[in-house]
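Summary of the model geometry
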Amino acid sequence: MPRDTPLLRYLQALHADLAAIDGGAVADYIPALASADPGTFGISIVTVNGTKYSVGDSDHAFTIQSVSKPFVYGMALTDRGVDDVRHRVGVEPTGDAFNSIRVDEESNRPFNPLVNTGAIVTTGLVRGDTEAAQWQRIVDGFESFTGRTLEVDEVVYASEAATGDRNRAIAYLMRNLGMLEGDPETILRLYFRQCSLLVTTDDLAVAAATLASGGRNPITGRRALDERLNEHILSVMQTCGMYDAAGAWAVDVGFPSKSGVSGAVVGVLPGQAGIAVYSPPLDGCGNSLRGIEVCRRLAGDFGLHPHRDRGHPAGVVRGAYRGGEARSTQTRTAAEYACIEAHGDDLTVVEVQGLVRFAEAEFLVGFVVDDPTRSRVVVLDGHRALLVDDHLLPMFAELADLLTAAGRTLVLAGFDAPGIPSGFDRLAMSFAQVDDAIEWWEDAVLATHFTGVGADVARPVTEQELLHGLAGDDLDAVLGALTYGALEPGAHLAREGKPADAVFFLLAGQVSVRLGTSLAPGSARVAAFGGGVAVGELALLEGGVRSASLVADTRVEFATLTVEDFTRISGERPTVRAVVMGNLARSLALRLRRANDRIRVLDR
Ligand code: GLU
């Protein structure tokens, strides 16, 4: 049962509407084609995400005919290389009928691979030592596009082989002109068989969606064609795909397409979808009447003409913030935070989103260069970027150099989508996540500017913010209840789900708060704490069980105060409870304020 969506309903209505179109003529120059039912009408669309929409006779099998030509052209380009193929088949539109015998008089080359002269030469270029091997190559090639096993309509094949004198003449002429190697009869058999492959609109929509996906089949996930050759094919389809109606088509519809005499039309919306229509009655140019109308309507109703202005490059910058506005998840002491905030303008984080193509890259680079704050460190946060065009690597390399020359540093963080070219993260210092980059910057600021005790120096427990204001016997009572310990990296200080029965005062080293059982660096980290900070302190408020695990990142020294001891001391000395709870409330309020800052920054 197909998913009921607005697009499916649209296609059903379109199909019902266009089924009423009369006229046109079913091709009969190949006798077996004449028996096609003029009422058969199927439409399929497959998106680059692999979602399929089918209406009407979308599973009716018909012979592929000329729609095979761009695909076999792709196979020849793959097997022989662009130069070798271009030497024998041009890429110029003709304005002639598909079976015209005219060739480029200067070079003797057929004009393009989508007219019969060019297509027959192209078929001859497909690799294989024997006819059987060449045929297998062609079938395998098609099946990589359709993702399904294909068969030949032997009746149509025999019918065309018996009557295809004009194509036979073309093959011999091509050999005479030096464009065709090998036995014309063998190549004609391959060509007629290729035209007689049985497909449905569902198959052709998958094949077209593969062309729309840069040559990668969106259903099987396998590459059918090299990306650059894929562009090559689409360009030829754009200029030569619709017989001698290619010019009007380019104006009215615009997207690359190919039609065939059996009544098929395929259209390619690069980066979006593949379209296939089948309806046998043809117009005077040999294009399916309903097929053309479906494409025209889709192009008009959904704005599919490829030359429409779709640029909004400014959208590439989602937002930007300074180092003082959003801290890393590394928790610091109040004095350290004050130092970081005082140097906030030293860091700018630019959030990059969506597709980064030429215009977006130009905007993004300008945004960084023109930023009046001229932060010493600029982090590009790429975790919302979907794609960076690989041609733009030099532009980003140049940006890194430009900033370096100005005493500034470019940092990349979180660029890990499938559309990010390999090597991008080597253009500048890079981090897996923006949080790591901010933490790195904070550490650098503290190393340069912080005058207090660093996190690597063990601090006396009396410096703990939670114990501020305790003195005399009260302080001694708490200190007397502490037990001291140390942990090696990777060891647990507390585990998620276990009773929260103690607070830990970190004296040296670093502990991170992690959710779940993963120890993967960074991935599950919620926060990190260093010397001078208390962790697990919510145990004093609510007891219950730990909501996260505490894991030593480095060797950690700590002091433990159990909830039981704290309750006992509080019973004897009510001021201890009052002072500690006051400190706890203050520290939670500060943490809440920082969390709110972060949410505000990330939300705008
Ligand atoms: N097999 C057909 C021929 O070469 C294909 C024609 C077409 O679809 O344009 O005559």
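Keep in mind the model is a prediction, meaning the values are calculated, not measured.

**Details of the site of the ligand**
The local shell around the ligand consists of Tyr29, Gln65, Ser66, Phe98, Asn116, Glu160, Asn167, Tyr191, Cys195, Tyr243, Gly260 and Val261. In this structure, an oxygen atom belonging to the ligand sits 2.5 Å away from a side-chain N or O atom of Tyr29. Here Ser66 contributes a side-chain N or O atom positioned 2.4 Å from an oxygen atom of the ligand. Within the complex, the protein chains bury 99% of what would otherwise be the 290 Å² of accessible surface of the ligand.

**Brief notes about the pairing of strand E18 (residues 510-514)**
Remark: a regular strand shows side chains that alternate across the two faces of the sheet. Of all 5 residues in E18, 5 are buried, a share of seventy percent or more. Here E18 shows two buried faces, one formed by Gln510, Ser512 and Arg514 and the other by Val511 and Val513. When E18 meets strand E19 (residues 525-530), the two strands line up antiparallel, connected through 5 bridges. Looking at E19, one finds that Arg514 is bridged to Arg525. Judged from the 4 bridges that link them, E18 and strand E21 (residues 549-552) form a sheet pairing that is antiparallel.

**Notes on the sheet that holds strand E6 (residues 257-259)**
Strands sit in the order E2-E1-E8-E7-E6 across an open sheet of 5 strands; the sheet is antiparallel. A strand with exactly one partner marks an edge of an open sheet, and here the two such strands are strand E2 (52-56) and E6. Across the sheet, the axes of successive neighbouring strands diverge by a mean angle of 10 degrees, strand direction being ignored. Pairing geometry for E6 and strand E7 (residues 264-269), over 3 bridges, is antiparallel. Each bridged residue has a counterpart across the sheet, and for Ser259 the counterpart in E7 is Val265. Each of strand E1 (42-47), E2, E7 and strand E8 (273-278) touches helix H9 (residues 201-212); the most contacted strand, E8, lies at about 150 degrees to it.

**As for the side chain of Asn217**
By the secondary structure assignment, Asn217 is in the loop between H9 and helix H10 (227-240). Residue class for Asn217 comes out buried when judged on its relative accessible area of 0%. At a separation of 3.1 Å, a polar atom in the side chain of Asn217 contacts the main-chain carbonyl oxygen of Phe145.

**Some thoughts on the nonpolar core**
Counting 61 residues, the largest nonpolar core has Phe71, Ile120, Phe142, Leu204, Leu211 and Met237 as its most contacted members. At 8 residues, H9 tops the list of elements feeding residues into this core. Membership of the second largest hydrophobic core comes to 26 residues, among which are Val368, Leu392, Leu412 and Ile420.

**Examining the packing of aromatic side chains**
All chains considered together, the criterion is met by 11 aromatic pairs. Measuring from ring centre to ring centre gives 5.9 Å for Phe71 and Phe142, while their planes differ by 55 degrees; the resulting arrangement is tilted. Here Phe71 is found in helix H2 (residues 68-80), whereas its partner Phe142 is found in helix H5 (residues 131-146), with 71 residues between them in sequence. Each member of the pair Phe71 and Phe142 is classed as buried. Look at Phe431 and Trp440: their rings are 5.8 Å apart centre to centre, the planes differ by 40 degrees, and that puts the pair in the tilted class. Under the relative-accessibility criterion, Phe431 is labelled partly exposed at 21%. Taking the ring centre of Phe41 as reference, the NZ or CZ of Arg290 above it sits at 5.3 Å.

**Here we look at unusual backbone geometry**
Phi is positive for Gln65, which is not a glycine, with a value near 50 degrees. Checked against the element boundaries, Gln65 lands in the loop between strand E3 (62-63) and H2. Taking relative accessible area as the criterion, Gln65 reaches 2% and is therefore assigned buried. Of note, Arg374 is a non-glycine position whose phi angle comes to about 50 degrees, a positive value. Within the fold, Arg374 resides in the loop between helix H14 (358-370) and strand E12 (377-388). Residue Arg374 is classed as partly exposed on the basis of its relative accessible area of 48%.

Cut-off values and rules
- Residues numbered from 1 in each chain as written.
- Predicted model: local features only at pLDDT ≥ 70, side-chain atom pairs only at ≥ 80, totals over all residues.
- Heavy atoms only, no water.
- Near = heavy atom within 4 Å.
- Polar contact = N/O pair within 3.5 Å; in protein donor to acceptor, adjacent residues only side chain to side chain.
- Areas by Shrake-Rupley, 256 points an atom, 1.4 Å probe, with all protein chains shown as cover.
- Buried < 20%, exposed > 50% of the residue type's maximum accessible area, 1.4 Å probe, protein only.
- Helix = DSSP H or I, 4+ residues; strand = E, 2+ residues; numbered from the N terminus.
- Pairing = 2+ DSSP bridges.
- Axes fitted to C-alpha atoms, helices over the stretch in contact; angles between N-to-C directions.
- Contact = heavy atoms within 4.5 Å.
- Core = buried A, V, L, I, M, F, W, Y, C linked by side-chain atoms within 4.5 Å.
- Phe/Tyr/Trp six-rings, centres within 6.5 Å; stacked < 30°, edge-to-face > 60°.
- Lys NZ or Arg CZ within 6 Å of the ring centre and 35° of its normal.

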